[in-house]
Amino acid sequence: AQVDVEYEYTMQVIGKEPELDSAFSANVTAVCGLAKPALKGVITDQGKPQLTWDAVEGAVKYEVYRSTKSNKGYTLLGEINSTGVDDMSAATGKTYYYKIVAVGENGKSPESSYVKLTGKCATPMVFAENAASGKPQLSWGKVDGAKQYTIYRASSETGKYSKLGTTKSNTYEDKKASVGKTYFYKVIANASSSKYNSAYSNAVSCDVICGTPSITVKIDANTGKPSLSWKKVDGAASYAIYRDGQLLATVTAV
């Protein structure tokens with residue numbers, strides 16, 4: 001049967017012998033309507049509810065409804081022409097109920113069964129570079145609903161990640177890192193409840209290098225010549241001093 005087409009039906013009872021067949025019933029008519037959509041939902045890496053469903057024959061669009069209760073209070077969230085939508089307005093830690101209705105040229109389907117989804121923190125996208133100290137400096141974009149971030153570290157990409165520290169900022173410098181070593185990092189965005197934390201971020205690596213020296217120059221009172229000094233740098237084997245772009249001297253680290 002095709003959607004929006006009127007069909008006429010009648011019926012006859014067939015007996016064990018032809019002469020026992022009944023008369024035909026009265027005619028009845030029916031217009032084929034839209035099927036009830038089968039709604040599914042998941043939480044995306046962005047922490048938002050994602051709704052999907054199979055296309056309904058005869059549908060020209062779909063109405064998406066949302067409520068904070070399962071049995072009442074549904075309001076129209078939007079109308080779409082595709083068979084999926086992300087609720088980007090969902091808040092972290094808040095539970096929502098969703099239903100959809102298929103809309104045809106001349107009618108609507110019954111409401112779908114509801115799906116229940118709770119917004120979570122989005123998964124951070126983490127980047128790594130060397131800070132001026134030579135230590136790994138991690139950064140990521142602010143995540144809505146995050147109260148803080150937990151940083152994890154491992155010695156290999158597929159190794160065991162151990163908690164390194166937490167921060168309320170969206171940057172973190174690993175001051176415990178040793179020069180000459182390579183570390184791997186992941187970050188989790190923490191919500192007010194751990195149930196709504198993000199997934200682990202992408203893994204990033206960083207090689208620890210010597211920090212950038214800070215030079216102080218003074219004029220020696222006795223000789224009138226410039227005198228350079230600097231603080232000891234972790235991991236340094238020696239210091240190369242340049243004048244006007246040319247190597248002037250190399251000083252062995254003590």
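Report follows, based on the coordinates. Just so we're clear, the structure is a prediction, and the values are computed from it rather than from any experiment.

**Some thoughts on the packing of aromatic side chains**
How two aromatic rings sit relative to each other is given by the distance of their centres and the angle of their planes. Counted under the stated rule, the structure contains 7 aromatic pairs. Between tryptophan 230 and tyrosine 239, the ring centres sit 5.3 Å apart and the planes meet at 55°, which makes this aromatic pair tilted. On the basis of relative accessibility, which here comes to 27%, the residue tryptophan 230 falls in the partly exposed class. For tyrosine 239, a relative accessible area of 13% puts it in the buried group. Between the NZ or CZ atom of lysine 99 and the centre of the ring of tyrosine 74, over which it lies, the distance is 4.6 Å.

**Details of the pattern of salt bridges**
The tally for this structure, following the rule as stated, stands at 5 salt bridges. Between aspartate 87 and arginine 66 there is a salt bridge, with its nearest N and O atoms 2.7 Å apart. With aspartate 87 in the loop between strand 7 (84–86) and strand 8 (95–103) and arginine 66 in strand 5 (residues 61–67), this pair connects stretches of sequence that are 21 residues apart. Neither residue differs from the other here; aspartate 87 and arginine 66 are each classed as buried. Among the salt bridges present, the one from lysine 99 reaches glutamate 111, with a minimum N-O distance of 3.3 Å.

**Quick notes on a nonpolar patch on the surface**
Together, Ile215, Val217 and Leu228 give the surface a local cluster of nonpolar side chains, amounting to about 280 Å² of exposed area. In this structure isoleucine 215 comes out as exposed when scored by relative accessible area, which is 56%.

**Brief notes about the pairing of strand 20 (residues 246–252)**
Of the strand pairs in this sheet, strand 19 (residues 238–243) and strand 20 are connected by 6 bridges, and their pairing is antiparallel. Residue pairing for strand 20: tyrosine 239 is matched across the bridge by valine 251.

**So, the nonpolar core**
Soluble, globular proteins show a tendency: their nonpolar side chains are buried together. With 19 residues, the main nonpolar core has Leu138, Trp140, Ile151 and Tyr185 as its most contacted residues. Those elements that place two or more of their residues in this core are strand 11 (136–140), strand 12 (148–154) and strand 15 (182–190). Residue contributions to this core peak at 4 residues, all from strand 15. With 16 residues, the next largest nonpolar core counts Val3, Leu39, Ile100 and Leu117 among its residues.

**Let's talk about the sheet that holds strand 10 (residues 126–130)**
Spatially, 3 strands are ordered 10-11-14 in an open sheet, and the strand pairing comes out antiparallel. Two strands lie at the open edges of the sheet, namely strand 10 and strand 14 (171–173), each paired on one side alone. Across this sheet, the average inter-strand angle for adjacent strands is 20°, counted without regard to direction. Note that strand 11 and strand 14 share 3 bridges and pair antiparallel.

**A closer look at the side chain of serine 201**
Among the structural elements, serine 201 can be located in the loop between strand 15 and strand 16 (204–207). Relative accessible area serves as the criterion here: at 5%, serine 201 is assigned to the buried category. A polar side-chain atom of serine 201 sits 2.8 Å from the main-chain amide nitrogen of valine 187. Beyond its immediate stretch of four places on either side in the chain, serine 201 contacts Thr123, Pro124, Val126, Lys186 and Val187.

**Comments concerning the pairing of strand 4 (residues 49–53)**
Going residue by residue along strand 4, you find Pro49, Leu51 and Trp53 tucked away on one face and Gln50 and Thr52 left uncovered on the opposite face. Two elements, strand 3 (residues 39–43) and strand 4, share 5 bridges in a ladder whose sense is antiparallel. Paired with lysine 40 across the bridge in strand 4 is threonine 52. Here strand 3 folds back onto strand 4 in antiparallel fashion, the turn holding 5 residues, of which glycine 47 has a positive phi close to 80°. Of the pairings in the sheet, the one linking strand 4 to strand 7 comprises 3 bridges and is antiparallel in character. Following the sheet pairing, glutamine 50 is matched in strand 7 by aspartate 86.

**Quick look at the sheet that holds strand 3**
An order of 3-4-7 is seen for the 3 strands of this open sheet, with the pairing classed as antiparallel. Both outer strands of the open sheet, strand 3 and strand 7, are each paired with one neighbouring strand and no more. Across this sheet, the average inter-strand angle for adjacent strands is 15°, counted without regard to direction.

Quick notes on the rules
- Residues numbered from 1 in each chain as written.
- Predicted model: local features only at pLDDT ≥ 70, side-chain atom pairs only at ≥ 80, totals over all residues.
- Heavy atoms only, no water.
- Phe/Tyr/Trp six-rings, centres within 6.5 Å; stacked < 30°, edge-to-face > 60°.
- Buried < 20%, exposed > 50% of the residue type's maximum accessible area, 1.4 Å probe, protein only.
- Lys NZ or Arg CZ within 6 Å of the ring centre and 35° of its normal.
- Salt bridge = Lys/Arg side-chain N within 4 Å of Asp/Glu carboxyl O.
- Helix = DSSP H or I, 4+ residues; strand = E, 2+ residues; numbered from the N terminus.
- Patch = residues over 30% accessible without salt bridge, like charges linked within 9 Å, V, L, I, M, F, W, Y side chains within 5 Å.
- Areas by Shrake-Rupley, 256 points an atom, 1.4 Å probe, with all protein chains shown as cover.
- Pairing = 2+ DSSP bridges.
- Core = buried A, V, L, I, M, F, W, Y, C linked by side-chain atoms within 4.5 Å.
- Axes fitted to C-alpha atoms, helices over the stretch in contact; angles between N-to-C directions.
- Polar contact = N/O pair within 3.5 Å; in protein donor to acceptor, adjacent residues only side chain to side chain.
- Contact = heavy atoms within 4.5 Å.

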